[in-house]
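# A structural walkthrough
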Amino acid sequence: MPLVLVTGASRGIGRELCRQLLERGCTVLAGVRDVAQAPPGTEPIELDVADGDSVAAAAEAVRTAHGTLDILVNNAGILSEDDEDLLELPEDLLLETLNTNALGPFRTIQAFAPLLRKGGRIVNVSSGGGQLSSPSDWSPAYCLSKTLLNGLTVQFAQALKPRGIAVNAVCPGWVRTDMGSPSAPRSVAEGAAGLTWLCLDAPPGMTGRFLRDGIEIPW
Ligand SMILES: NC(=O)c1ccc[n+]([C@@H]2O[C@H](COP(=O)([O-])OP(=O)(O)OC[C@H]3O[C@@H](n4cnc5c(N)ncnc54)[C@H](OP(=O)(O)O)[C@@H]3O)[C@@H](O)[C@H]2O)c1
């Protein structure tokens, strides 16, 4: 069964995704900043996606322990409560958000791509907020970070096509997590289901797409 690494596995959608993948028989590596927070049944991997040294050390740990990886899920993300008005957005808040939400997946894909086998999959957890086709006026740093993540998805899909590795972006919808708030309409199980589908059930050749609930949506 597939060996899957999920970043941001300590809580929210990432934690529920680990549960669903375990239920489907996967071996799950939980990328967490605090190994004590790894979900039950997973193998904890200390991983801070905002820190290049941490990402490199995590890749080396997986290479040593397993030598390979089938699926990488870039789920870790942040949304600052001060991320409000683009006209007054502090530059350091924008940089911090980009560093976690976009450069995190960038450096994680670079570090783990050598371990991914032919037929492997990369799932980037994006957001409708990153869609240029329907611009949002909330949390501009977050939305810009997801737009960049979508761009990275298309670029990495091209770069990894010759190796037979699929790279897709997914929006989980608005989900009741610490980030999504209790007002969100979707449960974590509903939010994670589209990610589980992309990991295990999506057509193998599908790459460079943006999906929600298994249905393609505009960039
Ligand atoms: N909830 C929604 O409505 C919604 C909608 C669209 C997209 N998304 C996306 O779905 C993903 C998961 O969101 P969520 O709602 O589950 O958020 P959440 O409940 O706030 O959980 C965020 C997760 O990311 C981890 N994380 C944050 N910064 C990290 C870093 N530098 N390195 C490693 N892990 C880090 C957190 O770990 P710690 O416990 O260590 O802080 C936590 O596990 C995010 O990419 C988010 O943008 C969510």
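In the block above lies the structure referred to throughout.
A short tour of the structure in this document, coming up. (Residues numbered from 1 in each chain as written. Predicted model: local features only at pLDDT ≥ 70, side-chain atom pairs only at ≥ 80, totals over all residues. Heavy atoms only, no water.)

### As for helix α1 (residues 12-23)
Filter applied, for reference: Helix and strand labels come from DSSP, where a helix needs a run of H or I of at least four residues and a strand needs a run of E of at least two; each type is numbered from the N terminus. Multiplying one less than the number of residues by 1.5 Å gives the expected span of a helix. Remark: exposure states derive from per-residue accessible area (1.4 Å probe, protein chains only) relative to the maximum for the residue type, with buried under 20%, exposed over 50%, and partly exposed in between.
Taking 1.5 Å per residue, twelve residues should reach 16 Å; α1 reaches 17 Å between its end C-alpha atoms and fits that length. Those residues of α1 that fall on the buried side of the exposure criterion are I13, G14, E16, L17, C18, Q20 and L21.

### Concerning the pattern of salt bridges
Quick reminder of the rule: Should a side-chain nitrogen of Lys or Arg be within 4 Å of a carboxyl oxygen of Asp or Glu, the pair is scored as a salt bridge.
Taken as a whole, this structure holds eight salt bridges when the rule is applied. Of the charged contacts, one joins R117 and D70 as a salt bridge, the two residues approaching to 2.3 Å between their closest N and O atoms. With R117 in strand β5 (residues 116-125) and D70 in strand β4 (residues 69-74), the pair connects residues that are 47 residues apart, well separated along the chain. Of the residues examined, R117 reaches a relative accessible area of 38% and is grouped as partly exposed. For the salt bridge of E216 with R209, the shortest nitrogen-to-oxygen distance reads 3.3 Å. Judged by its relative accessible area of 32%, R209 is partly exposed.

### Some thoughts on unusual backbone geometry
Backbone geometry places S139, a non-glycine residue, at a positive phi of 40°. The residue S139 is located in the loop between β5 and α5 (140-160) in this model. The phi dihedral of S181 is positive, around 80°, even though this residue is not glycine. In this structure, S181 sits in the loop between β6 (166-170) and α6 (188-200).

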